[in-house]
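Listed below are the residues making up each chain.
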Amino acid sequence: MSDVISSSFVRRDLLAERPAPVKTTGFIGLMRTRLFNSPTNILLTILGALLLWFTIVPSVKFLMVDAVWSGKDRAACLAENAGFAVGACWPYIQAKFPQLIYGFYPEAERWRVNLTLLLAAILLLPLLIPRLPAKGLNAGLFFVAFPVVAFFLLHGGGIKGFGLSWTAGLLQLFDESIVGAGQALLTSSKTSAIGPLLWVLGSLIALLGTVIHWLIFPLTWLRDYIQGTGQSVWTDFAVTAAIVCLITFVLGGGVRTGGRALASSIATFIAIAIVIKLMDLDHGGLPVVTTNLWGGLLVTLVVSVTGIVTSLPIGIALALGRRSTIPLIRIFSIAFIEFWRGVPLITVLFFATYMLPLFLPGNFTVDGLVRALIGIALFTGAYQAENVRGGLAAIPRGQSEAAAALGLSWWKTTSLIVLPQALRHVIPNLVNSFISLFKDTSLVSIVALFDLLGSLRASFADPKWSTPSTAFTGFAFAGIIYFMFCFGMSRYSLFVEHRLNAHRRN
Amino acid sequence: MTTEARKPPPQIALKIRRILGGKAGWNGVAVQFAFAAILGWIGYEIVSNARANLENQHIAAGFGFLRNNAGFDVNQTLISYTGSDTFLRVFVVGLLNTLIVSVVGIFFATVIGFIVALCRLSPNWLLSRVGEIYVEVIRNLPLLFQILFWYLAVLAALPNPRQSISVFGIAFISNRGLVVPSPIGQSGLAPFLAVLAFGIVASLALHFYARRALFQRGQVIRIWPSVLALLFALPLATMLVFGLPFTFELPQLRGFNFAGGSRIIPEFVALAVALSTYTAAFIAEIVRAGILSVHKGQMEAGSSLGLSRGATLRLIVVPQAMRVIVPPLTNQYLNLTKNSSLAVAIGYPDLVSVFAGTSLSQTGQAIEIIAMTMGVYLLISLLTSAIMSVYGWRVSRSLGA
């Protein structure tokens, strides 16, 4: 014991101070640890610096230093007039700015476009900020009310009837088609080998058509009566409002609990009435601007917003269909999704432009923009379906089992329990699809619609502004616009992703 | 005394109900009937309307038009084609052009994508920022925008053939495209190709043999010297015996254009450049995610077993990363193939451009032509997804074992 103590050593004086550790933070630290810490790294740093030098410096020089800022025509942007190697020709953008933003939209009516964009921004911004309340109302306004208002603002025109006459018209078309099918079968039964069978089938279908005709007769009669009166729009509106309010009241639970549903539907109809009155829809509305005059950024935004708004319901329906256990619906959903996902968008646009008109009745012409919109909606819908399906798969079975244990029906389980969680899960994926949709809208320029890229390409053909740097200037301008939108959306999706995964961070 | 477990009752009615209507039972059957009726109605409407419309426009339905003469020229053909050939041949020409630009695009996209991914993963701060800027800029601009940019701005700004940019005096870049030397087959071509094919097959066999030896007997066989000999020394020896397999015909500037060599049209160059740079940005992200998905502990475990850094990467990290990388990578290849249809915007004669574009406007057979075009792309993507599901099945099997 004692020799252990005697052999121990106790230091009597302080050690000399060691130098401070090498700094690993700040700019110097960054240089030391990540840029110049080894010969290879030094080489790589030089390589990176060279790459940046040869891309950034010429671009800045082109866009700012060597740029021409004012002028009347191409003469200002020619090197021999300016006296130096000319970079970007900004007067060309100034001259073409209205065309790039509005296309050939009449100058006197451009306030309508601006108003629509303003409305969109006012509705969209609160929707994007998670902290603000009333998301349901906001989403309803943006996804349902805004598209309708925007249509009447941008396109113009008024309405001749309302819900009642539209429903009656649709049902009548449906009925005529059924009767037509029955007649076709009856005529072909005279020549066919299985004539009697066809005759029976045809008579059954024709009978069905007649039954439907008499079932919807009160509706069509009421429609014709209302059209006869002077105030057709408002009478129709009042009748529709009364019927819809009654239905929501009964569905909402009658006298006991239906008050809330009744109040909200009455409020909706009052809002619709105000909009109709404000925009004078009952007296023809604003002057019509046909879609072949639309162009530029306006078309890009219209196509992408319509695609976003219409593709989501299609996607949700297809995703639910694909998860359904009912065989036919599942098979149809799978085939539909895989078909649209397997073909390029450009063939879809060709399909919508050249093939769709053949499938519609001869007297039924569809606007070129609407055709492209239909194609884009189906195409994007299939992609959204796969996104939504991912979200649905991420919801644990226990959620729907708990809902079933509470006695909720399939519809209530899906709409109240499963879908809200699933959609919240996949917001980043949905936003990423929207980014690719926004980029894909440029393809409509191939089917003779003038979106931002199409207008840009058209403006290159103007001899008044043809200079060596015109094309580069135009691409720089359009590129900045596209980049701002896409980059903004991708940052937003990252932000949402971080928010959703907040509990998983450590 | 053992008792047999009782068989469950057959419950045939329940099973039929389940097959016909899923979980929803007879309700499901009713829903299906309603759905089938609606689908049938839509189908009837489409067929009857299409028939009436075609009659009005005096267009005969059917694929008979494929045997008619096309009567227009195509500026890039891989097989011989003249204006007097049929529309069927136009279809094949367009399909081959689509495939060639896709293959070239896929090759360069993979190379650029892997390089950018390595840049992004590099410990060098500046280089990883450069990679990030590349990915962000390219991904946030539409592909059509980039194709038009290369075609209308960059390639149009190149000098004319007389002042073309020379690459070591072999290839020439001008606004009329890229002119490269064209190979001309000589007498030694056939033996050379035969030996090359033999070398490839033999090295593959050797590779499989070495793998089997490694997995079954734990025996490490060094095969690279013999592979090198098979792939390079043997063809070289054939060249010495039989003479050169092919010679190159160099392009010469004559008058206003080049004579000799083969010209790659500017549309092809623009499309290939845009497709490969665009897809490379997505591939870079996929590769980066794949490599980051391998846990750090795997690398550490490898080095604690005494494997060298290269061996750890080759044997442990890359195989695991590939499992994550391959499915989305295939998806990107498929996307590139589908995106090559944007060729129609700059007039590169791909399937959509010559068949769904020019042929459609000449014949008016919209239904047949668009169905054929969509069918081709659909077939390609369904084949790819079938191959991918086989791959997924093999991966899951190897993980389970």
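Residues numbered from 1 in each chain as written. Chains lettered and ligands numbered in written order. Predicted model: local features only at pLDDT ≥ 70, side-chain atom pairs only at ≥ 80, totals over all residues. Heavy atoms only, no water.

Looking at this model, I keep getting lost on the overall build of chain A. Mind explaining?
A count of helical and extended segments in chain A gives 22 helices and zero strands. Counting all 506 residues of chain A, 40% fall into the buried class. When contacts within chain A are restricted to residue pairs at least 6 apart in sequence, those whose partners lie at least 24 apart make up 70%. Put simply, chain A shows about 28,400 Å² of open surface, and 70% of that area lies on carbon and sulfur atoms. When the 36 basic and 22 acidic side-chain charges of chain A are each reduced to a single mean position, those positions are 8 Å apart. (Helix = DSSP H or I, 4+ residues; strand = E, 2+ residues; numbered from the N terminus. Buried < 20%, exposed > 50% of the residue type's maximum accessible area, 1.4 Å probe, protein only. Contact = heavy atoms within 4.5 Å. Areas by Shrake-Rupley, 256 points an atom, 1.4 Å probe, with all protein chains shown as cover. Lys, Arg positive; Asp, Glu negative; His and termini not counted. Charge placed at Lys NZ, Arg CZ, Asp CG, Glu CD.)

For this particular structure, what's the right way to read the sheet that holds strand β3 (residues 177-180) of chain B?
Adjacent strands of a sheet pair through backbone hydrogen bonds, lying either parallel or antiparallel. Residues and elements named next belong to chain B. On the basis of which strands lie adjacent, the open sheet formed by four strands has the order β1-β2-β3-β8 and antiparallel pairing. Every interior strand has two partners, whereas the edge strands, β1 (165-167) and β8 (262-264), have only one. Along the sheet, successive strands turn relative to each other by an average axial angle of 20°, direction set aside. Summarising the sheet, strand β2 (residues 171-174) and β3 pair through three bridges and their orientation is antiparallel. Paired with Ile173 across the bridge in β3 is Leu178. (Pairing = 2+ DSSP bridges. Axes fitted to C-alpha atoms, helices over the stretch in contact; angles between N-to-C directions.)

Just checking my understanding: could you explain the domain arrangement of chain B for this structure?
How big an interface is tends to be expressed through the accessible area that disappears when the partners come together. Entries for chain B in the domain assignment read domain 1 (15-56), domain 2 (87-174 + 264-400) and domain 3 (182-249). Look at where the C-alpha atoms of domain 1 of chain B and domain 2 of chain B centre, and you get two points 40 Å apart. (Domains from an automatic or database assignment.)

In this structure, what is going on with the interface of chain B and chain A? I would like to understand it.
Between chain B and chain A, the contact holds 63 residues from the first and 62 residues from the second. The junction of chain B with chain A conceals about 5,300 Å² of combined surface from both sides, 76% of it contributed by carbon and sulfur atoms. When the buried area of chain B at its contact with chain A is split by residue, B:Asn140, B:Phe145 and B:Met374 rank highest and sum to 12% of it. For the interface between chain B and chain A, the tally reads one salt bridge. Across the salt bridge formed by A:Arg491 and B:Glu136, the nearest N and O atoms sit 3.2 Å from each other. Here chain B and chain A share 16 residue pairs in polar contact (both at pLDDT 80 or more) between them. Where the side of chain B that touches chain A is concerned, the elements lending two or more residues are α1 (12-21), α2 (26-56), α4 (125-139), α5 (143-155), α8 (266-293), α11 (351-363) and α12 (366-400) of chain B. It is α2(B) that contributes the most residues to the side of chain B that touches chain A, 14 residues altogether. (Buried area = accessible area lost by both parts, 1.4 Å probe. Salt bridge = Lys/Arg side-chain N within 4 Å of Asp/Glu carboxyl O. Polar contact = N/O pair within 3.5 Å; in protein donor to acceptor, adjacent residues only side chain to side chain.)

Is there a simple way to explain the packing of helix α17 (residues 368-394) of chain A against helix α20 (residues 427-440) of chain A in this structure?
All names here are of chain A. Running from N to C, α17 and α20 point in directions that differ by 160°, and their axes come no closer than 10 Å. The orientation of α17 relative to α20 falls into the category roughly antiparallel. Considering the relative orientation of α17 and α20, their crossing is right-handed. In this structure, α17 uses Ile376, Phe379, Thr380, Gln384, Asn387 and Val388 to contact α20, whose residues at the interface are Asn429, Leu430, Ser433, Phe434, Leu437 and Asp440. Here the residues of the contact of α17 with α20 are counted per class, giving six nonpolar, five polar and one charged. (Parallel < 35°, antiparallel > 145°, perpendicular 65-115°, else oblique. Left-handed = near helix turned anticlockwise from the far one by under 90°. Nonpolar A, V, L, I, M, F, W, Y, C, P; charged D, E, K, R; others polar.)

What is the right way to read the domain arrangement of chain A from this model?
By the assigned domains, chain A splits into domain 1 (14-65), domain 2 (93-105 + 291-504) and domain 3 (163-283). Each of domain 1 of chain A and domain 2 of chain A has a C-alpha centre, and the two are 42 Å apart.

Can you help me understand the state of the cysteines in this one?
In protein structure, a disulfide is the covalent linkage between the sulfur atoms of two cysteines. Residues and elements named next belong to chain A. Counted under the stated rule, the structure contains one disulfide over all chains. Here Cys77 is linked by a disulfide to Cys89, with a sulfur-sulfur distance of 2.0 Å. Taking the sign of the S-S torsion, about 75° here, the bridge from Cys77 to Cys89 comes out right-handed. Separated by twelve residues along the polypeptide, Cys77 in the loop between α3 (39-65) and α4 (79-82) and Cys89 in the loop between α4 and α5 (90-102) bring together distant segments of the chain. Note on accessibility: Cys77 and Cys89 belong to one class, buried. (Disulfide = S-S within 2.5 Å.)

Even after reading the chapter, I still don't get the packing of aromatic side chains, so can you show me in this structure?
A ring pair, where both rings are aromatic, is described by two values, the distance of the centres and the angle of the planes. All chains considered together, the criterion is met by 34 aromatic pairs over all chains. When the ring of A:Phe438 is compared with that of A:Tyr482, the centres are 5.9 Å apart and the planes differ by 70°; the resulting orientation is edge-to-face. Pair noted here: A:Phe438 is in helix α20 and A:Tyr482 is in helix α22 (residues 470-500), with a separation of 44 residues, a long-range link. Residues B:Phe268 and B:Tyr348 carry aromatic rings whose centres are separated by 5.7 Å and whose planes lie at 55° to one another, so their mutual orientation is tilted. Pair noted here: B:Phe268 is in helix α8 and B:Tyr348 is in the loop between α10 (309-339) and α11, with a separation of 80 residues, a long-range link. A relative accessible area of 11% places B:Phe268 in the buried class. Owing to a relative accessible area of 0%, B:Tyr348 belongs among the buried residues under this scheme. Three or more aromatic residues joined by ring pairs form one cluster here, namely A:Phe62, A:Phe438, A:Phe460, A:Phe472, A:Phe475, A:Tyr482, A:Phe485, B:Phe145, B:Phe149 and B:Trp150. The aromatic ring of A:Tyr383 is capped on one face by A:Arg341, whose charged end is 5.3 Å from the ring centroid. In this structure, B:Arg139 packs its charged tip against the face of B:Phe282, placed 6.0 Å from the ring centre. (Phe/Tyr/Trp six-rings, centres within 6.5 Å; stacked < 30°, edge-to-face > 60°. Lys NZ or Arg CZ within 6 Å of the ring centre and 35° of its normal.)

Just checking my understanding: could you explain the UniProt feature "transmembrane region" (unreviewed entry) in chain B for this structure?
All names here are of chain B. UniProt's feature table lists "transmembrane region" (unreviewed entry) at residues 24-44, 90-119, 140-158, 189-210, 222-248, 268-287 and 369-393, given in the numbering used throughout. Along residues 268-287 the backbone is 100% helical and 0% strand, and the end-to-end C-alpha distance reaches 27 Å. With 100% helix and 0% strand, residues 369-393 has end C-alpha atoms that lie 36 Å from one another. (UniProt positions renumbered as here; feature names shortened; annotations may be inferred.)

So what exactly am I meant to see when it comes to the pattern of salt bridges here?
Between side chains of opposite charge, pairing is possible as soon as their charged atoms come close. As enumerated under the stated definition, the model contains twelve salt bridges over all chains in all. Of the charged contacts, one joins A:Glu338 and A:Arg322 as a salt bridge, the two residues approaching to 3.3 Å between their closest N and O atoms. One end of the pair, A:Glu338, is in helix α15 (residues 327-342); the other, A:Arg322, is in helix α14 (residues 296-323), and 16 residues separate them in sequence. For A:Arg322, a relative accessible area of 16% corresponds to the buried category. In this structure, B:Arg120 engages B:Glu132 in a salt bridge whose closest nitrogen and oxygen atoms are separated by 4.0 Å. In this pair, B:Arg120 is assigned in helix α3 (residues 87-121) and B:Glu132 in helix α4, connecting sequence segments twelve residues apart. Through salt bridges that share partners, B:Arg120, B:Arg129, B:Glu132, B:Glu285 and B:Arg288 make up one connected network.

What is the right way to look at helix α6 (residues 110-128) of chain A in this model?
Residue and element names in this part refer to chain A. Compared with an ideal rise of 1.5 Å per residue, which puts 19 residues at 27 Å, α6 spans 27 Å between its outermost C-alpha atoms and is within 8% of the ideal. Looking only at α6, the buried set comprises Arg110, Arg112, Val113, Thr116, Ala120, Leu123 and Leu127. Projected down its long axis, α6 shows its buried positions confined to an angular sector of 160°, all on one face. In α6, those exposed residues whose orientation departs by more than 90 degrees from the buried face are Ile122 and Leu125. Where α6 is buried, its residues meet α5, α7 (135-154), α14 and α22. (Expected span 1.5 Å × (residues − 1). Arc of directions from axis to C-beta.)

Before we go on, may I ask you to explain unusual backbone geometry in this structure?
Most peptide bonds adopt trans geometry, and most residues besides glycine take a negative phi value. Residues and elements named next belong to chain A. Unusually for a residue other than glycine, Ala134 sits at a positive phi of about 55°. Within the fold, Ala134 resides in the loop between α6 and α7. Even without being a glycine, Ala448 presents a positive backbone phi close to 65°. As for its placement among the helices and strands, Ala448 is situated in the loop between α20 and α21 (452-460). With a relative accessible area of 60%, Ala448 lands in the exposed category.

Could you clarify how one ought to interpret the side chain of B:Asn140 in this entry?
Mapped onto the elements of the fold, B:Asn140 is located in the loop between α4 and α5. Assessed through its relative accessible area of 4%, B:Asn140 is described here as buried.

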